[in-house]
Amino acid sequence: MNNSYDIIIIGAGVTGAAIARELSRYECRVLVIEKDEDLCSGTSKANSGIVHAGYDAKPGTLKAKMNIRGNGMMPVLAQELDIPFKQIGSLVVCTDESMRSGIEELYQRGLTNGVPNMKILGREEVIQMEPNISENVVCALFAPNAGIICPFRLNIALAECANQNGVDFVFDSKVLSVEKKGDHFEVTAPDEVYRCSAVINCAGCHSDELHNMVSDRKLHITPRRGDYMLLDRSTKGFVNHVIFPQPTRLGKGILVTPTVHGNTLVGPTAIDTDNKDEAPVTADGLTQVSAGSARNVEGVPLRQVITGFSGLRAHEDSGEFILEEVSDCPGFFDCVGIESPGLTACPAIGEYMASQVSAKLSLTLKKEWNPICHDVKKPFEMSANERNALIKEHPEYGRIICRCETVTEGEIIDAVKRPLGARSLDGVKRRTRAGMGRCQGGFCSPRVMEIISRETGIPLDEVTKNGGNSKILTGRTKDEI
Amino acid sequence: MRSDIVIVGGGPAGLAAAIAAAKENSSLDILILERDSELGGILNQCIHNGFGLHTFNEELTGPEYAARFEEQLAGLNIRYMLNTMVLDVESSKVTAINSEEGVFEVECHAIVLCMGCRERPRGALNIPGLRPAGIFTAGTAQRLVNIEGYMPGREVVILGSGDIGLIMARRMTLEGAKVKAVCELMPYSGGLKRNIVQCLDDFNIPLLLSHTVIDIKGKERVTSVVIAEVDSSLKPIPGTEQEITCDTLLLSCGLIPENELSRAADVKINPATNGPVVNESFETSVPGIFSCGNVLHVHDLVDYVSEESSRAGRSAAKFVSYNGPEYSKPAILIKAGNGVRYTVPSNVRDINVEDDLIIRFRSGNVYKNAYVDVLFDGEVKMHRKKQIITPGEMEQVIIKRRDLDEVDSDITIRIMEG
């Protein structure tokens, strides 16, 4: 039967995609069901893009283990999957003599967790590394293995790789119910009922609801909102490392970091809400971002802001990653409470969950499996000769569509045409960066819409920002007169 | 590839500069590099009239105005390349890309920067709220309606009273949309008086001064915006919030000259205009690189763009053709005095001034029955009464060539209240 699978993964964020890729090593039929129109549409799309070193989490927790393992796996993964990744190191900055012991504590915790090569730097060393650091800097914890990564490509690449190794994906399908029927599950989506032997719950902020459908041991997620400001690429070089304040109970605090694409990112706040689907930026949040960043870094060029955004972390009441088979529902596996360091941990979570599920279903490894997956071809990352050869063969790589980020028509066509390709403006943006620059799509969005329409056959006035009813246009002119 | 003069951008500024340069010296080889698929720039989507009153003594539409210039290209020694984007500018070399040549370089003797400007997007305005579809800059909406033939929305609130926003209020209304309000943060409009009368008043569209948008609602598509009155420090006043149901928010909150290439070429930028610092010849701080149009400073009227750009084009042609005169005395500095945000040009070598020196400037506030003063070396030389001066309308003073002989070091323009 066509809608019968061995394993169904609910959620195509970074966790679901990482597990899908690991499971694609095995002889089994896997389906990923996503409620939104594209990969990387929830928590995975709006976060700091940091690969954490691993000194934050309490020793012995899954958060600590997955962080350390994920951090260690990232360099190879980034190579295999063509993900922009830079191991630039992080600084946790102490600006108050009375809090120096906190840095020592973090260092010790890092040692226990297994973070390599950490150092506590004195004031002068920190100033040397970061000229714009706060005048009040006392010392800082330096962890060279922390890094920055493109969260979009990480998520999309994991899914593309899973897909090329045989995993199916279905979008715009919110799972309405999961029921255990004897030795199998029935997973009901609006248009289809699927059968499978195992379910993996990677539903982010909604993962408690999925869990609670099958278990009497209830879980509870609080969406914890984080507001950010993204600064123009002209601020490149303002800071050179990921700069954190000392952590508090609510999280790692407001960081200032370069992004892999040369912007400066400032944020996030940590504001508990009750809305799992909407993450508005608030005036208060932006004020907190601005004030928080100023405590560690002098003269953050916030006037160079090109956009503000906000994301939701899936915070479970226990504060821990829940990565296990549900005790009162065998065959249903939870990945619940995947908040920071979830992005860093995802490859490790993928490996950890795939080993549990494959053992449960006694899966065998495939004879052949392809770990490699290439990103959209980027002419501006090629040598001049390679680029001109590409343009000669495919002239569309010589036509610039997005001026701010110099994205060509060829890249946009590739993003739309490739497997699990983009169907919306945001989908193209996350795959190519078209519209992510300083004009925020003012010039290129009409042209990107035309390309999406031409390449997919979706009528121009049906093209959306990010699926559903987010249509950009409301009809032809003269329709109503 | 080689060319005597490279013009970066084929909009109104680039066209006027190219034509003037070619007329100044017909033996020069002039090349326009244009990123769009046709010449004319933003004029192509400005289908309303009102262009050309100063230049042609008649009211033309944007495309008609552009056509008047494009028609002149054929008889002149001007080549142009379309769908060609300039990637880098150095003092005598321009790097560009298109689908025929790939990435290529043009060696040249002079460059005229005519890249125009972009609109300030929602993200740069820090407007709180969700990020649904239905939020457009006014210029993007103008392109969708006038070029693509599609409506970006049906029930519209406009934030900002820049000219494109005002024009789009009328345009959307004529297309059957309902424009519910135009909110302006400042206590005065950023647009031309004639546009407020013709685009808002004539259609009973309310202009709410000292108002801003404090929240955007709607998960997929905009469903409403919340507006509020602001106090004199531009902070929203609690209790004045008002929710307006709409599916579209248009933004007309300022234009930013696109000077990324200028900065790459080490051209000195004036923080007040975000455009290059130029002299009387529209030459930037880098010899041989000229700048004109909205990349230099944002204009209200295209006629002024054409006039300034012609001057820039002629200057570029002279730069390439002749050994310039020796300058025996330092340039005269033009200073922005009380109430004046900036002046163009910023410095003047009197020997290069054609008949008259036109100094254009903008005020930082609204002044009624005030005086515009011109000071030579600190002494008042002109004292002219103006009924109204607003930041939304560019002002000018004209100084006779011969009068410049009286100036030793600087000229100051200031506004004095009556």
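The rules behind these values
Residues numbered from 1 in each chain as written. Chains lettered and ligands numbered in written order. Predicted model: local features only at pLDDT ≥ 70, side-chain atom pairs only at ≥ 80, totals over all residues. Helix = DSSP H or I, 4+ residues; strand = E, 2+ residues; numbered from the N terminus. Rg over C-alpha atoms; globule rule 2.2 N^0.38 Å. Buried ≥ 20, exposed ≤ 12 C-beta atoms within 10 Å, placed from the backbone. Contact = placed C-beta atoms within 7 Å. Domains from an automatic or database assignment. Core = buried A, V, L, I, M, F, W, Y, C linked by C-beta atoms within 7 Å. Pairing = 2+ DSSP bridges. Axes fitted to C-alpha atoms, helices over the stretch in contact; angles between N-to-C directions. Parallel < 35°, antiparallel > 145°, perpendicular 65-115°, else oblique. Nonpolar A, V, L, I, M, F, W, Y, C, P; charged D, E, K, R; others polar.

Peer 1: Explain the overall build of chain B residue by residue, including any values.
Peer 2: Scanning chain B from N- to C-terminus turns up nine helices and 31 strands. By the compact-globule yardstick of 22 Å for 418 residues, chain B fits well, its C-alpha radius of gyration being 22 Å. On the principal axes, the C-alpha backbone points of chain B span a range of 65 × 60 × 40 Å. Counting only residues that meet the buried cut, chain B has 50% of its 418 residues in that class. Across chain B, contacts joining residues at least 24 apart in sequence account for 66% of those joining residues at least 6 apart.

Peer 1: Go over the domain arrangement of chain A, please, and point to the residues and values.
Peer 2: Frequently, the measure chosen for interface size is the accessible area that the parts lose on association. Split into domains, chain A comes out as domain 1 (4-44 + 152-221 + 318-360), domain 2 (85-149 + 222-313) and domain 3 (379-462). Computed from C-alpha atoms alone, the centre-to-centre distance between domain 2 of chain A and domain 3 of chain A is 32 Å.

Peer 1: Lay out the nonpolar core in plain terms, naming residues and giving numbers.
Peer 2: Counting residues in hydrophobic clusters, the biggest one holds 141 residues, and the most contacted among them are Ile5(B), Val8(B), Ala17(B) and Val112(B). Residue contributions to this core peak at nine residues, all from helix α1 (residues 12-24) of chain B. When neighbours within four sequence positions are excluded, Ile5(B) is seen to be in contact with Ala21(B), Leu28(B), Ile30(B), Cys108(B), His109(B), Ala110(B), Val112(B), Ala316(B), Ala317(B) and Val320(B). If you look at the next biggest cluster of nonpolar residues, it comprises 123 residues, including Cys28(A), Cys94(A), Leu154(A) and Cys373(A).

Peer 1: Before we move on, can you summarise the sheet that holds strand β8 (residues 102-107) of chain B with the specific residues and values?
Peer 2: Strands pair in a sheet through their backbones, by hydrogen bonds, and they do so in one of two ways: parallel or antiparallel. Residue and element names in this part refer to chain B. Read across the open sheet, the three strands follow the order β6-β7-β8; overall the sheet is antiparallel. What marks the edges here is a single partner per strand, and that holds for β6 (85-90) and β8. Averaged over all adjacent pairs, the angle separating strand axes in this sheet is 20 degrees, with direction ignored. Sheet topology note: the β6/strand β7 (residues 93-98) ladder contains five bridges and is antiparallel. Across the sheet, residue Glu-90 finds its bridge partner in β7, namely Lys-93.

Peer 1: Describe the packing of helix α2 (residues 62-81) of chain A against helix α8 (residues 342-360) of chain A, with residues and values.
Peer 2: All names here are of chain A. One way to put it is that α2 packs onto α8 with a least axis distance of 6 Å and a crossing angle of 100 degrees. Overall, the two elements α2 and α8 adopt an arrangement that is roughly perpendicular. Seen from α2, the contacting residues are Met-66, Asn-67, Arg-69, Gly-70, Asn-71, Met-73, Met-74 and Leu-77; seen from α8, they are Thr-344, Ala-345, Cys-346, Pro-347, Ala-348, Ile-349 and Tyr-352. Of the residues belonging to the contact of α2 with α8, the class tally is ten nonpolar, four polar and one charged.

Peer 1: I'd love a proper account of the interface of chain B and chain A, names of residues and values included.
Peer 2: Across the contact, 41 residues belong to chain B and 46 residues belong to chain A. Mapped onto the side of chain B that touches chain A, the elements with two or more residues apiece are β7, β8, β10 (117-119), α4 (122-125), α5 (138-148) and β12 (150-151) of chain B. Looking at the side of chain B that touches chain A, the element that brings in the most residues is α5(B), giving six residues. Broken down by class, the residue content of the side of chain B that touches chain A amounts to 15 nonpolar, 13 polar and 13 charged. Here strand β23 (residues 475-476) of chain A pairs with β12(B) via two bridges, running antiparallel. Bridge pairing in β12(B) links Gly475(A) to Met151(B).

Peer 1: Any details on the pairing of strand β20 (residues 332-336) of chain A? Residues and values, ideally.
Peer 2: Residues and elements named next belong to chain A. The buried fraction of β20 is high, at five of five residues. Side chains Phe-332, Asp-334 and Val-336 of β20 all project onto a buried face; the interleaved residues Phe-333 and Cys-335 project onto the opposite face, where all are buried too. Of the pairings in the sheet, the one linking strand β12 (residues 192-201) to β20 comprises three bridges and is parallel in character. Its bridge partner being in β20, Asn-201 is matched across the sheet by Asp-334. Of the pairings in the sheet, the one linking strand β19 (residues 322-325) to β20 comprises four bridges and is antiparallel in character.

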